[in-house]
Amino acid sequence: MASRRTHPLDAEDRNALPDSRFAFPRLRKEPLTDAAHVRNAIARFDQVRDVSDRERDEAFRRIQRAADKFGVQMSESRWQELGKPSATRTSSDKPRTATRAERAAAPRSKADLYAEARRRHVKGRSTMTKDALQRALQGT
């Protein structure tokens, strides 16, 4: 497929577009005019507010069609996956944060240890090794 040249939409161009050229036509959100805008609509899909699940279903189909038209690869098969990093997805599609125990058990970098030592006002921290920082933080 030949490369298509894209350009940013100014207000006049955007206002001239018919509603059908947007992923969310009622709100006129996420224009689908070229590959760059399609990629942007995919990335920002979950940021659109005040729309129903039915509108999201329709927007997802519009984005899929535009992605095919402009040669944009989509790995998502459901709208619930759009805009979410795949590494943080769980079965409920909500990002998961580590528990306090998991954070405590995880190995920490010297930079992390140093930052915590700084917050706790540990004296001599700038000359300490990683092991010395760990010991100092355990003792405070």
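Above this text you will find the structure in question.
Residues numbered from 1 in each chain as written. Predicted model: local features only at pLDDT ≥ 70, side-chain atom pairs only at ≥ 80, totals over all residues. Heavy atoms only, no water.

Novice: Which residues make up the overall build of the protein chain, and what values go with them?
Specialist: Each helix and strand in the protein chain was counted, giving six helices and two strands. For the protein chain, the sequential pattern of α-helices and β-strands runs α-β-β-α-α-α-α-α. Across the 140 residues in the protein chain, those meeting the buried criterion constitute 30%. When contacts within the protein chain are restricted to residue pairs at least 6 apart in sequence, long-range pairs at least 24 apart make up 35% of them. (Helix = DSSP H or I, 4+ residues; strand = E, 2+ residues; numbered from the N terminus. Buried < 20%, exposed > 50% of the residue type's maximum accessible area, 1.4 Å probe, protein only. Contact = heavy atoms within 4.5 Å.)

Novice: Quick one: what's the story with the packing of aromatic side chains, residue by residue and with numbers?
Specialist: If you walk through the whole model with that rule in mind, you get two aromatic pairs. The interplanar angle of 40 degrees and the centroid separation of 5.4 Å between the aromatic rings of Phe24 and Phe45 together place this pair among those described as tilted. In this pair, Phe24 sits in strand E1 (residues 22-24) while Phe45 sits in the loop between helix H2 (35-44) and helix H3 (53-70), placing the two residues 21 residues apart along the sequence. Phe45 sits in the buried class, given a relative accessible area of 1%. A ring pair is formed by Phe45 and Trp79, whose centres lie 6.2 Å apart and whose planes are at 45 degrees; its orientation type is tilted. Remark: Trp79 occurs in the loop between H3 and helix H4 (100-105) and Phe45 occurs in the loop between H2 and H3; sequence separation between them is 34 residues. (Phe/Tyr/Trp six-rings, centres within 6.5 Å; stacked < 30°, edge-to-face > 60°.)

Novice: Mind laying out the nonpolar core, listing which residues take part and the relevant values?
Specialist: Counting residues in each nonpolar core, the largest one holds 20 residues, and the members touching the most others are Val38 and Ile63. Within the residue set of this core, elements represented by two or more residues are E1, H2 and H3. The residues contacting Val38, other than those within four sequence positions of it, are Leu32, Ile63, Ala66, Ala67, Phe70 and Val72. Membership of the second largest hydrophobic core comes to eight residues, among which are Leu113, Ala117, Leu133 and Ala136. (Core = buried A, V, L, I, M, F, W, Y, C linked by side-chain atoms within 4.5 Å.)

Novice: Hey, could you go over unusual backbone geometry for me, with residue numbers and the actual values?
Specialist: For Arg28, which is not glycine, the phi torsion reads 55 degrees and is therefore positive. If you trace the backbone, Arg28 turns up in the loop between E1 and strand E2 (29-31). Of note in the backbone geometry, Glu30 takes a positive phi value of approximately 60 degrees without being a glycine. Relative to the helices and strands, Glu30 is located in strand E2. Accessibility expressed as a relative area gives 11% for Glu30, which makes it buried.

Novice: Got a sec to walk through the environment of Phe24? Specific residues and values, please.
Specialist: For Phe24, a relative accessible area of 2% corresponds to the buried category. The spatial distance from the C-alpha of Phe24 to the C-alpha of Arg62 is 8.7 Å, given a sequence separation of 38 residues. Sequence-distant contacts of Phe24, that is, excluding residues within four places in its chain, are made with Lys29, Glu30, Phe45, Val48, Val51, Glu55, Arg56 and Ala59.

Novice: I'd like to hear about the environment of Arg21, residue by residue, with values.
Specialist: Within the fold, Arg21 resides in the loop between helix H1 (11-16) and E1. Sequence separation of Arg21 and Arg62 is 41 residues, and the distance between their C-alpha atoms is 8.7 Å. Apart from the residues lying within four places of it in its own chain, the contact partners of Arg21 are Glu30, Pro31, Leu32 and Thr33.

Novice: How would you explain the environment of Phe22 if you had to name every residue and give the values?
Specialist: Locating Phe22 in the fold gives a position in strand E1. Judged by relative accessible area, which is 0%, Phe22 ranks as buried. In this structure the C-alpha to C-alpha distance between Phe22 and Ile63, which are 41 residues apart in sequence, comes to 8.8 Å. Excluding anything up to four places from it in sequence, Phe22 contacts Arg14, Leu17, Arg28, Lys29, Glu30, Pro31, Leu32 and Arg62.

As far as function goes, none of this settles anything; it's purely spatial.
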